[in-house]
Amino acid sequence: MGRRTLLATAGWLAAAVLATLIGVAAIRLVGESITGTPGGVRSQAEVERALAAPEPTPSAPVASASSSPTAGPSTTPGLRRSFSTPGGTAVAECVGSEVRLVSWAPAQGYRVKDVDRGPDDDAEVTFTGPAGEFEVNVGCIGGEPVARPGDSD
């Protein structure tokens, strides 16, 4: 019986080694898709194409692309204010008589084309996407950020 046990153990070890080698070979064959980024690393152009693929249908006519941003609720009364367009949102604050963009975020399918953060007499960010360009242009009046008409395409 000792010989059968030895053969069974040797067979079991051989099967375990074979299974391990097959597993390692499979991982090497598949490569980074298991251990790295699925689909590999994408370039900026590929990411922009992927984000633009499911183009949202504009809820307003394209002519509304020249409309001024609307003021949202103030995060700090008299100091910070949020401004929204279909292309994205920006938060501005007044520092004395000058305005500064605190943050900005494009809407889904849009990207930031240009930013003039300030502090200055006015600050602006331009978002571009499937429905055109939308600009958030702000200034300060009485220590509070206010929307100014911008040049949108």
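About the thresholds
- Residues numbered from 1 in each chain as written.
- Predicted model: local features only at pLDDT ≥ 70, side-chain atom pairs only at ≥ 80, totals over all residues.
- Heavy atoms only, no water.
- Helix = DSSP H or I, 4+ residues; strand = E, 2+ residues; numbered from the N terminus.
- Buried < 20%, exposed > 50% of the residue type's maximum accessible area, 1.4 Å probe, protein only.
- Contact = heavy atoms within 4.5 Å.
- Areas by Shrake-Rupley, 256 points an atom, 1.4 Å probe, with all protein chains shown as cover.
- Pairing = 2+ DSSP bridges.
- Disulfide = S-S within 2.5 Å.
- Salt bridge = Lys/Arg side-chain N within 4 Å of Asp/Glu carboxyl O.
- Axes fitted to C-alpha atoms, helices over the stretch in contact; angles between N-to-C directions.

A closer look at the overall build of the protein chain
Along the protein chain, the regular secondary structure elements total three helices and eight strands. Reading the protein chain from its N end, one meets helices and strands in the order α-α-α-β-β-β-β-β-β-β-β. Put simply, the protein chain has 153 residues, and 20% of those count as buried. Partitioning the contacts of the protein chain with sequence separation of at least 6, the portion at a separation of at least 24 is 31%. Carbon and sulfur atoms make up 59% of the accessible area of the protein chain, which totals about 10,000 Å².

As for the pairing of strand 3 (residues 88-95)
Burial analysis of strand 3 places six of its eight residues in the buried class, the great majority of the element. Sheet topology places strand 2 (residues 80-85) next to strand 3; six bridges connect them, and they run antiparallel. Pairing of Arg80 across the sheet is with Glu93, part of strand 3. Two successive antiparallel strands, strand 2 and strand 3, enclose a turn made up of two residues. As paired strands, strand 3 and strand 4 (residues 98-106) are joined by eight bridges and run antiparallel to one another. Within strand 4, the residue paired with Glu93 across the bridge is Arg100.

Considering the state of the cysteines
Under the definition given, this model contains one disulfide. Bridging Cys94 to Cys140, the disulfide has an S-S length of 1.9 Å. Negative torsions about the S-S bond denote left-handed disulfides, and the value of about -115 degrees found for Cys94 with Cys140 makes this one left-handed. With Cys94 in strand 3 and Cys140 in strand 7 (residues 132-141), the pair connects residues that are 46 residues apart, well separated along the chain. Of the two residues examined, Cys94 and Cys140, each falls in the buried class.

Topic: the pattern of salt bridges
Overall, the coordinates contain four salt bridges when judged by the stated rule. Close ionic contact of Arg80 with Glu93 constitutes a salt bridge, the shortest N to O distance being 3.1 Å. Taken as a pair, Arg80 in strand 2 and Glu93 in strand 3 lie far apart in primary sequence, 13 residues in all. Exposure remark for Arg80: the relative accessible area of 31% places this residue in the partly exposed category.

Notes on the sheet that holds strand 5 (residues 111-116)
Read across the sheet, four strands follow the order 5-6-7-8 without closing on themselves; strand pairing throughout is antiparallel. Single-partner strands in this sheet number two, and they are strand 5 and strand 8 (144-147). Pairwise comparison of adjacent strand axes, ignoring direction, gives a mean angle of 20 degrees for this sheet. Here strand 7 runs beside strand 8; their pairing, made up of four bridges, is antiparallel. By the bridge assignment for strand 8, Ile141 is matched with Glu144.

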